[in-house]
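Here's the letter readout for the chains.
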Amino acid sequence: RRAASDAPARVPARATVARRPRVRVGADGAPGRREGGRDDDRDNGRGRGRARDDARARSRRRDIARTTRDDARAGVDWSALEACDGVRMSWNVVANSRAEMTKCVVPFGAVVTPLREIASEVAPRVPYECVRCKGCGGGLNPYARVDFASKIWVCCLCHARNHFPPHYNALSETNLPAELFPSYTTIEYAVPRAGQGTGCGPGYLFVVDACAEEEELTALKQALTQALSLLPEDARVGLVTFGTHVHVHELGFADCPKSYVFRGNKEFTQQQIKDQLTLGGGHRQTNGRAPGMAGAQPGMNGAHPGTMPTSKFLVPLSECEFQFTAILEELQRDAFAPLPSCRRSRCTGTALMVASCLLSTSAIGMNARAMLFTGGAATDGGGTIVAKDMEQAVRSHKDIVKGAAPFYHKAKKYYEQVAINLCANGHVLDVFACALDQVGLAEMKVCVEKTGGNVVLAESFSHTVFKTSFQKLFAPDAEGGLGIAYNGQFEVITSRDVRTAGVIGPCAALDRKGLPGATSDTPIGSGGTTAWKLCTLTNETSLAVYFDVANPGGKDQQPMAMQGQQAQQFYLQFLCTYTLPSGETRMRVITTSRRWTEGQNLNDIAAGFDQEAAAVLVARQLSWKMETEEETDCPAATRWLDRKLIQLCQRFGDYRKDDPHSFQLMPQFSIYPQFMFNLRRSQFVQVFNNSPDETAYFRMILMRENVFNSLVMIQPTLTAYSFNGPPEPVLLDVCSIAADKILVLDAYFSVVVFHGMTIAQWRKANYQDQPEHVAFKDLLAAPKAEAEQIIATRFPVPRLVDCDQHGSQARFLLAKLNPSATYNSSATMGGGSDIIFTDDVSLQVFMDHLKRLAVTTN
């Protein structure tokens, strides 16, 4: 592979494939001559050139289709393909009608990581703008048909004919731009613009709960003080504290502490907040200067693109660090004591509404985020989740299902308005909920999901989970930034035969439907559009995109695109535009192709099945259904999951009717039932013993993580350490417990180091401190080193549990294991193993029932 030798940094200047000549990029960003080849710009005839171009395009598509087919038959490593473009699809060979695709049961979709780190040799970065199709808006890609003589390219998505821009006049067969190289299906455009690189630093508005206990407030103040030292020098900071009232601190006033106060039990409109903060009136003066600065652009409130408006509440850290630190040191617990047997007045919702209005005026179009630190439930003003009287308990899952949570729906509607305010300006909300009781995270979920913010749930502000996660949020990346992009936009463009059903992930839908028929009539997640707004995104942010086959079925109803040579291929394109903190705007274009087949070719369809991606797509869809559909409670969700699995086994299983012993599942589906078994037992489906806040937290993390991390949440990994050999993965089963082994369970939200009974006794006898037992000391250290390594690479930081067999905290491990041996089973477990006191069925019993139901006639 070769890239532009005169391109800016990150574009490789030397070839990795010797036979491929190198392309030079001109000074204006246009593709130049191709080194090592002749300039074949003069063609012998327009018709002959077009025929040759069409033949070359057909040959390239045949090669791609052949490669896809051969890889599927050989058993493709789908994660290796994901490393090239950041896309994992559940079905890589798709039935060519909606009726046949519905019989496949598993949704047709893709898990896309738009900003996944990809090697520059695979996904180059070029210094010019993307050439877009005038019909569908898709970007120029290697699958497009090019007429070099006429300088016209035909879009593979909508088949529209487009002229190349003037600076592509030197285009020829031997002089190709990078986006037409067959290997560059993923490409990134770094668009230089005037004034780029002069943007100001990010904005951080800290919203602090002043009702927390004294010890908690002290720990929080220490964490905030430490965060100030980790922020970039050009960062702008603001402070809002809340309790019975909301205090907006004016950090730009250095003479003495000054703040604006709002009543916590009153709901304010945006205009009222702006008027009280003197942010909305043109006649008001701020430090002798009108809010509308001289030379300001209309509609920007005195802000030029790439610059932050002057604000007395959001001030550069270099100018207000002393003032900010002094306010934190003097911050005391809310002075309004609660009545007997009553909770404290905490106006969390009012504080968030004030914060969103403050950012909408002081950080227009800039990278800014409100960071909420709360230590209790909201009891006053908008967003209240519980009454002050302690006789009334905080709502539970059962209360929500029965309609016995009087504040729940009203609070959700209130926070939806806060989310709209934040998304309209591209701002983010991060929530750090540190309390033993619930704080209302289930109601605030919409704000965090639509803005893509971070969420951390811990027991207290002094807990390791909060302290380490909060520090990681400000850890610089390799380029010196915080590794966060903002103001993103994600677009999905498909072939005519494929429709977009929706997206489930940390995004907000935009009102854009694309070409007629581009969206599905049955939305999944955030549907009805082909574009979504990403207020913030990182290299790990993943979106689940769901599709639908446009052809309903039947020979007479096949669309035009299904005829002829292109009947074997369809194309998907994902475009992600985002802005770096430096102000640079980039666009990543991911174009991928998959193959159609007849619905009766089950072997062909099964060869392209990705079990891991399918499990993640089903988990997200089921979590979304449980959040949005009142009738989909826990039992209904389990039945839905079981019904879908039975239908899938009936479709792709080999069996004789009414003979369970004859049942065999295709090898491409061998692990999928195990994923579903663990999913139906996971915290995403089973809400028993979890509060609504905890369930919302688990599902929010699932909605944004990639396939690998999501699978760890669904089916944890278990590793065994012993004297018998190196560490090895073992079954997630109770039979893996042994007295002379140490197990490390990675359940994503927690990491458990479990010592067998004999190992625990040796440790308590301090054998590891004796020189002749160095091997035992190393055995104890190895699992802890692995656990620390897992914790160091994950955000939010998981909880570390160090426990012994038969200890109280061993429940964190036993709850995740397959209960193959229970208190009422006849199996005898030897070797120091254990049993689980549960009535849940084991994986073996589950599979036996699945086979029996799959082979039944009805």
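Residues numbered from 1 in each chain as written. Predicted model: local features only at pLDDT ≥ 70, side-chain atom pairs only at ≥ 80, totals over all residues. Heavy atoms only, no water.

J.: Please give an account of the sheet that holds strand S23 (residues 543-549) that cites residues and values.
T.: Either a parallel or an antiparallel arrangement is found when strands of a sheet pair, and the pairing is made through backbone hydrogen bonds. Pairing is antiparallel across the open sheet formed by four strands, whose spatial order is S3-S5-S23-S20. On the outer flanks of this sheet lie strand S3 (87-89) and strand S20 (498-504), each paired with one strand and no other. The mean inter-strand angle of the sheet, taken between neighbouring strand axes irrespective of direction, is 25°. Bridging between S20 and S23 involves six bridges; their strand directions are antiparallel. Each residue of the ladder has a partner; that of Ile 504, found in S23, is Ala 544. Set on the sheet, helix H13 (residues 611-628) makes contact with S3, strand S5 (109-112), S20 and S23; between it and S23 the angle comes to about 95°. (Pairing = 2+ DSSP bridges. Helix = DSSP H or I, 4+ residues; strand = E, 2+ residues; numbered from the N terminus. Axes fitted to C-alpha atoms, helices over the stretch in contact; angles between N-to-C directions. Contact = heavy atoms within 4.5 Å.)

J.: An account of a nonpolar patch on the surface is requested, with residue identities and associated values reported.
T.: A cluster of nonpolar residues, Phe 723, Trp 762 and Tyr 767, forms a patch on the protein surface that exposes about 280 Å² of accessible area. Along the chain, Tyr 767 turns up in the loop between helix H18 (757-764) and helix H19 (774-792). With a relative accessible area of 32%, Tyr 767 lands in the partly exposed category. (Patch = residues over 30% accessible without salt bridge, like charges linked within 9 Å, V, L, I, M, F, W, Y side chains within 5 Å. Areas by Shrake-Rupley, 256 points an atom, 1.4 Å probe, with all protein chains shown as cover. Salt bridge = Lys/Arg side-chain N within 4 Å of Asp/Glu carboxyl O. Buried < 20%, exposed > 50% of the residue type's maximum accessible area, 1.4 Å probe, protein only.)

J.: Requested: an account of the environment of Cys 576, with residues and values cited.
T.: As for its placement among the helices and strands, Cys 576 is situated in strand S24 (residues 569-579). Between the C-alpha atom of Cys 576 and that of Phe 490, which follows or precedes it by 86 residues, the distance is 4.5 Å.

J.: Explain the packing of aromatic side chains residue by residue, including any values.
T.: Taken as a whole and judged by the stated rule, the model has 40 aromatic pairs. Arranged with centres 5.6 Å apart and planes meeting at 10°, the rings of Phe 466 and Phe 470 form a pair that is stacked. With Phe 466 and Phe 470 both in helix H11 (residues 464-472) and four residues apart, the pair spans about one turn of that helix. When sorted by exposure, Phe 466 lands in the same class as Phe 470, which is buried. One aromatic cluster in this structure is built from Tyr 204, Phe 206, Phe 324, Phe 373, Phe 432, Phe 461, Phe 466, Phe 470 and Phe 474. Geometry around Phe 253 places Lys 258 over its ring, the cationic atom sitting 4.8 Å from the centre. (Phe/Tyr/Trp six-rings, centres within 6.5 Å; stacked < 30°, edge-to-face > 60°. Lys NZ or Arg CZ within 6 Å of the ring centre and 35° of its normal.)

J.: Could you give me a rundown of the nonpolar core, with the residues and numbers involved?
T.: Judged by nonpolar contacts, the single largest core of 130 residues is most densely connected at Trp 91, Phe 108, Val 248, Phe 490 and Phe 574. Contacts of Trp 91, omitting those with residues within four sequence positions, involve Met 101, Cys 104, Val 106, Pro 107, Phe 108, Ile 605, Gly 608, Phe 609, Phe 652 and Phe 669. Ala 223, Leu 228, Leu 231 and Phe 474 belong to the second-largest nonpolar core, a separate cluster that totals 34 residues. (Core = buried A, V, L, I, M, F, W, Y, C linked by side-chain atoms within 4.5 Å.)

J.: I'd like to hear about helix H15 (residues 672-680), residue by residue, with values.
T.: Burial runs high along H15: eight of the nine residues are buried. Inspection of H15 places Tyr 672, Pro 673, Phe 675, Met 676, Phe 677, Asn 678, Leu 679 and Arg 680 among the buried residues, and these make up the whole buried set. The secondary structure elements touched by the buried residues of H15 are H13, helix H14 (634-652), strand S27 (659-665), helix H17 (707-714) and helix H21 (843-854).

J.: Kindly report on the confidence of the model for the chain, identifying the contributing residues and their values.
T.: When pLDDT is low, close inspection of the predicted coordinates is not appropriate. Summarising the model, the chain shows a mean pLDDT of 84, and 83% of its residues fall at 70 or more. Across the chain, the element-wise mean pLDDT spans from 37 in strand S1 (residues 22-25) up to 97 in S5. Low pLDDT, under 50, characterises residues 1-74; the predicted model gives this stretch 128 contacts beyond four residues in sequence or across chains. (pLDDT = per-residue confidence, 0-100.)

J.: If you had to explain the sheet that holds strand S29 (residues 725-729) to someone new, which residues and values would you point to?
T.: Strand order across the open sheet formed by five strands is S29-S28-S30-S31-S32, with mixed pairing between neighbours. Both outer strands of the open sheet, S29 and strand S32 (799-804), are each paired with one neighbouring strand and no more. Sheet twist, expressed as the average angle between the axes of neighbouring strands with direction ignored, equals 15°. Where strand S31 (residues 750-755) lies against S32, six bridges are found, and the strand directions are parallel.

J.: Break down the pairing of strand S14 (residues 259-263) for me, citing the residues and quoting the values.
T.: Working note: regular strand, side chains alternate between the two faces of the sheet. Side chains of S14 alternate between two faces, with Tyr 260 and Phe 262 buried and Ser 259, Val 261 and Arg 263 left unburied. Pairing of strand S13 (residues 245-249) with S14, which is carried by five bridges, proceeds in the antiparallel orientation. Residue pairing in the sheet places Val 248 in a bridge with Tyr 260 of S14.

J.: Would you mind going over the pattern of salt bridges in detail, with residue names and values included?
T.: Two side chains that carry opposite charge are able to pair once their charged atoms sit near each other. In total, this model carries 30 salt bridges according to the counting rule given. Linked through salt bridges whose partners overlap, the residues forming this network are Glu 82, Arg 88, Arg 116, Asp 610 and Glu 612.

J.: Give a description of unusual backbone geometry that names residues and reports values.
T.: What is expected of a backbone is that most residues other than glycine have negative phi and most peptide bonds are trans. With an omega dihedral of -5°, the bond running from Phe 795 to Pro 796 counts as a cis peptide bond. Along the polypeptide, Pro 796 turns up in the loop between H19 and S32. For His 159, which is not glycine, the phi dihedral falls at a positive 65°. The topology assignment puts His 159 in the loop between strand S8 (152-154) and strand S9 (161-163). The backbone of Asn 766 sits at a positive phi, close to 60°, despite the residue not being glycine. Checked against the element boundaries, Asn 766 lands in the loop between H18 and H19. A relative accessible area of 41% means that Asn 766 is categorised as partly exposed.

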